[in-house]
Amino acid sequence: LTKKRKIVLYSTNLEKIKLFTKKIKNPFYFGNLPPIRKVNNSILYIHNSYLTMNLTKLFKLSFKFFIKYGLQQLYIKLFINNCALTSCQTESMFNSIILKYKPKKIEKLPFYQECIKKDVDIKEYDFCYISMAHPHKNHKLLLKSLKLLDKYNIKCKIALTVENYRKELLDDIELINLSSNIVIKNYGTISKSEVCRIYNKSKCLVFPSSEESFGLPLIEAAKLNLDIIAPNLYYVFDVVIPTLSFEINSEKDLAMKMKEYLELEEKKEMKLLVENKIDIIIKKLVSK
């Protein structure tokens, strides 16, 4: 819709402060934080669930998170209405932002980059999990579930994207691969095109994350008609109806659902619940 755009990336807090004091025409603040000065026809996009989390829960996660996101929450409360519109991706984030920050105007404007569906004669992977291995992404739970599947004599192949410096997880993956039943292919850090290639080679996305503001892989997988196994959590049902769901803290339940999926002759229907609204966002920014 427009070629007159400029992307500003900042690497230090000083650069961030300088940017937030500037008068910018039709800005889209995608980094969760509003500017210090009031800016007309501007959109603030909040997409980090830690910024709507209560301080007690943040403190239980880590003292570092408590300080970092506690200060950011205070900043947002002070300056959120310097933007003409606050936006987010899901109903749950929408309600949480209203409760915590009381913005003057807020809309749900989910957007995402879609993968191109490619016909594949034989799917290489039974499951895939496309995610960096942050603690809340629950890779430990998934690996425990795979060990249980091996004990049940279940055979499957799964693709992961665990970073090369996650030694504890990588050691666990290597041990599991010694089994004759479970095969894990870890791709490490990969590009978007490689992400799409893995989706197209997979039958089902297994997504054990315990905390998301959106859960982009759920949408990416749904758009490509993959089946989905996901936890019984609010963020999942904001965006999809999964093929199967499990209790988030139970590796046994996840293992049972993966086993059930592999043994199903007729798969249950999965449904996508969100619409890509990138065109609406662009029109809002260029209309004035």
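Refer to the preceding data block for the structure.
Here's what I pulled together on the structure shown here. Here the residue index of a chain counts from 1 through its sequence in written order. At least 70 in pLDDT is required for a residue's local features to be given in this predicted model, at least 80 for side-chain atom pairs to be given and counted, and no such filter applies to totals for whole chains, interfaces and linings, which use all residues. Side-chain numbers here rest on the full set of heavy atoms in the structure, without hydrogens or water.

Some remarks on the overall build of the protein
And then number 1: Think of it this way: any DSSP run of H or I at least four residues long counts as a helix, any run of E at least two long counts as a strand, and we number them from the N terminus. Within the protein one finds 11 helices and 12 strands.
And then number 2: Based on C-alpha atoms, the radius of gyration is set beside the globule rule, defined as 2.2 Å times the residue count to the power 0.38. Here the C-alpha radius of gyration of the protein, 21 Å, is about what a compact globule of 288 residues would show, namely 19 Å.
And then number 3: Along the first, second and third principal axes, the C-alpha atoms of the protein reach 60 × 45 × 30 Å.
And then number 4: Going through the 288 residues of the protein one by one, you find that 48% of them count as buried.
And then number 5: For the protein, contacts bridging at least 24 residues in sequence account for 64% of all contacts bridging at least 6.
And then number 6: Method for areas: the Shrake-Rupley scheme with a 1.4 Å probe, in which residue coverage is limited to the protein chains shown. Taken as a whole, the protein presents about 15,900 Å² of accessible surface, with 54% of it coming from carbon and sulfur.
And then number 7: One finds the centroid of the 49 positive side-chain charges in the protein at a distance of 12 Å from the centroid of its 30 negative side-chain charges. We call a residue buried when its accessible area falls under 20% of the maximum for its residue type, exposed when it is over 50%, and partly exposed in between, using a 1.4 Å probe and counting protein chains only. Every residue pair with non-hydrogen atoms within 4.5 Å of one another is taken to be in contact. When charges are counted, neither His nor the chain ends are considered; positive counts come from Lys and Arg and negative counts from Asp and Glu. The atom standing in for a charge is NZ when the residue is Lys, CZ when it is Arg, CG when it is Asp and CD when it is Glu.

Points about the state of the cysteines
And then number 1: Disulfides are defined as cysteine sulfur pairs within 2.5 Å. In this structure the tally under the stated criterion is 1 disulfide.
And then number 2: There is a disulfide in this structure between Cys115 and Cys196, and the S-S distance comes to 2.0 Å. Linking Cys115 and Cys196, the disulfide has an S-S dihedral of approximately -75° and is accordingly described as left-handed. With Cys115 in the loop between β4 (106-108) and β5 (125-129) and Cys196 in helix α7 (residues 192-200), the pair connects residues that are 81 residues apart, well separated along the chain. Neither Cys115 nor Cys196 differs from the other in exposure class; each is buried.
And then number 3: Unpaired in terms of disulfides, Cys156 finds its nearest cysteine sulfur in Cys204, a separation of 10 Å.
And then number 4: A relative accessible area of 5% places Cys156 in the buried class.

What about the nonpolar core?
And then number 1: The definition of a nonpolar core used throughout is a set of buried Ala, Val, Leu, Ile, Met, Phe, Trp, Tyr and Cys residues joined through side-chain atoms within 4.5 Å. Core analysis: the largest hydrophobic core is formed by 57 residues, its most contacted members being Leu146, Tyr199, Leu218 and Ile229.
And then number 2: Ranked by residues supplied to this core, first place goes to helix α5 (residues 139-151) with 6 residues.
And then number 3: When neighbours within four sequence positions are excluded, Tyr199 is seen to be in contact with Cys115, Lys123, Cys128, Ile130, Leu205, Pro217, Glu220, Ala221, Leu224 and Leu226.
And then number 4: Tyr75, Phe94, Ile97 and Tyr101 belong to the second-largest nonpolar core, a separate cluster that totals 22 residues.

A word on the packing of α5 against helix α6 (residues 167-177)
And then number 1: The N-to-C vectors of α5 and α6 enclose an angle of 10°; their axes lie 11 Å apart at closest approach. Taken together, the axes of α5 and α6 are roughly parallel relative to one another. When the axes of α5 and α6 are compared, the crossing they make is left-handed. Of the residues in α6, those in contact with His139, Lys140, Leu143, Leu146 and Lys147 of α5 are Glu168, Leu169, Asp172, Ile173 and Ile176.
And then number 2: Among the residues making up the contact of α5 with α6, the classes are represented as 5 nonpolar, 1 polar and 4 charged. Note on geometry: axes are lines fitted to C-alpha atoms, helical ones only across the stretch in contact, with angles between N-to-C directions running from 0 to 180 degrees. Roughly parallel here means an angle under 35 degrees, roughly antiparallel means over 145, roughly perpendicular means 65 to 115, and every remaining angle is called oblique. Should the near helix be turned anticlockwise from the far one by less than a right angle, the crossing is left-handed, and should it be turned clockwise, the crossing is right-handed. Charged means Asp, Glu, Lys or Arg here, nonpolar means Ala, Val, Leu, Ile, Met, Phe, Trp, Tyr, Cys or Pro, and polar covers whatever is left, Gly included.

Things to note about α5
And then number 1: The end-to-end C-alpha separation of α5 is 19 Å, in line with the 18 Å expected for 13 residues at 1.5 Å each.
And then number 2: Within α5, the full set of buried residues consists of His139, Leu141, Leu142, Leu143, Ser145, Leu146, Leu148 and Leu149.
And then number 3: Following α5 by one or two positions, Asn153 has its phi on the positive side, about 65°. A helix's residues, less one, multiplied by 1.5 Å, set its expected span.

Re the sheet that holds strand β2 (residues 39-45)
And then number 1: A pair of strands is treated as paired once DSSP finds two or more bridges between them. Spatially, β1-β2-β3-β4 is the arrangement adopted by the 4 strands of the open sheet, whose pairing is parallel. Edge positions in the sheet fall to β1 (28-29) and β4, since each has one partner strand and no second.
And then number 2: Sheet contacts for helix α4 (residues 91-101): β3 (83-88) and β4; angle to β4, the most-contacted strand, approximately 165°.

Structural notes on the packing of aromatic side chains
And then number 1: Aromatic rings from Phe, Tyr and Trp, taking only the six-membered ring of Trp, are treated as a pair when their centres fall within 6.5 Å; an angle between ring planes under 30 degrees marks them as stacked, one over 60 as edge-to-face, and anything in between as tilted. Enumeration over the complete set of coordinates arrives at 21 aromatic pairs.
And then number 2: Centroid distance Phe59 to Phe66: 5.3 Å. Interplanar angle 85°. Geometry classified as edge-to-face.
And then number 3: Under the relative-accessibility criterion, Phe66 is labelled partly exposed at 25%.
And then number 4: Through successive ring pairs, a cluster of aromatic residues spans Phe20, Tyr29, Tyr75 and Phe79.
And then number 5: One cation-aromatic arrangement involves Lys108 over Phe94; the distance from NZ or CZ to the ring centre is 5.4 Å.
And then number 6: Directly above the ring of Tyr187 sits Lys185, whose terminal nitrogen or CZ lies 5.3 Å from the centroid. Placement of a positive charge over a ring is assigned whenever Lys NZ or Arg CZ falls within 6 Å of the ring centre and within 35 degrees of the normal to the ring plane.

Remarks on the pattern of salt bridges
Two side chains with opposite charge may pair up if their charged atoms get near one another.
And then number 1: Salt-bridge detection follows one rule: a side-chain nitrogen of Lys or Arg within 4 Å of a carboxyl oxygen of Asp or Glu. Tallying each qualifying case throughout the model produces 15 salt bridges.
And then number 2: Note that Lys108 is salt-bridged to Glu91, the shortest N-O span being 2.3 Å. Taken together, the residues span a long stretch of sequence, with Lys108 in strand β4 and Glu91 in helix α4 at a distance of 17 residues.
And then number 3: What makes Lys108 partly exposed here is its relative accessible area of 32%.
And then number 4: We note a salt bridge from Lys223 to Glu114, for which the minimum N-O separation is 3.7 Å. Of the two residues, Lys223 is situated in helix α8 (residues 216-223) and Glu114 in the loop between β4 and β5; the sequence distance between them amounts to 109 residues.
And then number 5: Relative accessible area serves as the criterion here: at 41%, Glu114 is assigned to the partly exposed category.

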